[in-house]
Amino acid sequence: MDLTSLTNAAFAGVAVFGAVLGALGLLAFRRAPSPRMALVATGFLLIAVQGAVVSIGLFTSGWSPTSLLALSALFEAALLVVLFVATLVR
Amino acid sequence: MSVEERSGTWAEALLTFVQRYPGVHLREIRRRLSIPIGTLDYHLYRLGKEGLITLRFQGGYKCCFPGAVPGVSPPIPEAEQKILSLLRQPVPRALLLHLYLEGPTTPSALGEAVATTGPNLSYFLKRLEAAGTLRREGQGSQRIVRLIDPKTVHQVLLKYPPLPEGTVDRFLRFWTELHP
């Protein structure tokens, strides 16, 4: 079983789902602008970007698995910070 | 299915919406039905002339009510119209619902419950007080806010359905109500 294409599809799915939730966040922000909604929308868009970047990286095979993992970790860390701050503001 | 396909014309869609959700304000109708403002104004004028829709100005909002049809639908009483038009606006609705469910409370507890800022709360409390729906009693830290006529609020809540919540509304409510 080719794990690369499976991983590729999984990250593409993450990108699409993240984009859908990000769009929902942006619509919610437009309806009731607040720092929290801005951060929530940013968080979901970060997930979308992470999915897209890793998926493209896997597809082109240009990046090593270590680089992709490091990039993923960076996105996850940024996402955690954004969501943590979102819980502190209103 | 678009609103036009479902109901034939904008006028029908507008009338059906107002009959289903009396007290709804103009901006909300435009948002829900995606009617261009010019078209909405035109149909409101036309339906108003035929007596099928009546307008009421409440706190800067133009609220729409279905006209009374003799033998079919009785007119909505004045007291119910006043509360309905307030219940169709998010912050006044949250304030009225909290006071109805929890009873008299302090302004600070009310502000915390509906997650709004002090100046915003003060603005809406003044508006609701001017509309004769609530009363502020006492001074300073002893100040209490209470509904003047909880029975009518109860009747209105039972009689008329709330506006349906869309996906964006639910998403917004979920994240907004999340407390640290």
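For the structure itself, consult the block above.
Throughout what follows, the structure given in this document is the object of discussion. (Residues numbered from 1 in each chain as written. Chains lettered and ligands numbered in written order. Predicted model: local features only at pLDDT ≥ 70, side-chain atom pairs only at ≥ 80, totals over all residues. Heavy atoms only, no water.)

**Brief notes about the overall build of chain B**
So, step 1. Counting its regular elements, chain B contains 10 helices and four strands.
So, step 2. Reading chain B from its N end, one meets helices and strands in the order α-α-α-α-β-β-α-α-α-α-β-β-α-α.
So, step 3. The proportion of buried residues among the 180 residues of chain B is 41%.
So, step 4. Considering only contacts within chain B whose residues lie at least 6 apart along the sequence, 57% involve residues at least 24 apart. (Helix = DSSP H or I, 4+ residues; strand = E, 2+ residues; numbered from the N terminus. Buried < 20%, exposed > 50% of the residue type's maximum accessible area, 1.4 Å probe, protein only. Contact = heavy atoms within 4.5 Å.)

**Describing the pairing of strand E2 (residues 61-66) of chain B**
So, step 1. Burial analysis of E2(B) places five of its six residues in the buried class, the great majority of the element.
So, step 2. Adjacent in sequence and paired antiparallel, strand E1 (residues 53-58) of chain B and E2(B) are bridged by two residues, among which B:Gly59 carries a positive phi angle near 55°. (Pairing = 2+ DSSP bridges.)

**Some details on the packing of aromatic side chains**
So, step 1. Considering all chains together, one arrives at six aromatic pairs over all chains under this definition.
So, step 2. Both rings, one in A:Phe44 and one in B:Trp175, keep their centres 6.0 Å apart while their planes meet at 75°; by these two values the pair is edge-to-face. Here the residue A:Phe44 occupies a position in helix H2 (residues 35-60), and B:Trp175 occupies one in helix H10 (residues 167-176), the pair thus bridging two chains. B:Trp175 matches A:Phe44 in its accessibility class, with the two residues each being buried.
So, step 3. Ring centres of B:Phe174 and B:Trp175 lie 5.3 Å apart, and the angle between their planes is 90°; this geometry places the pair in the edge-to-face category.
So, step 4. On the basis of relative accessible area, B:Trp175 is assigned to the buried category, the value being 16%.
So, step 5. Put simply, the rings of A:Phe44, B:Phe171, B:Phe174 and B:Trp175 touch in pairs and so form one group of aromatic residues. (Phe/Tyr/Trp six-rings, centres within 6.5 Å; stacked < 30°, edge-to-face > 60°.)

Remember, this is a structural readout, not a statement about activity or role.
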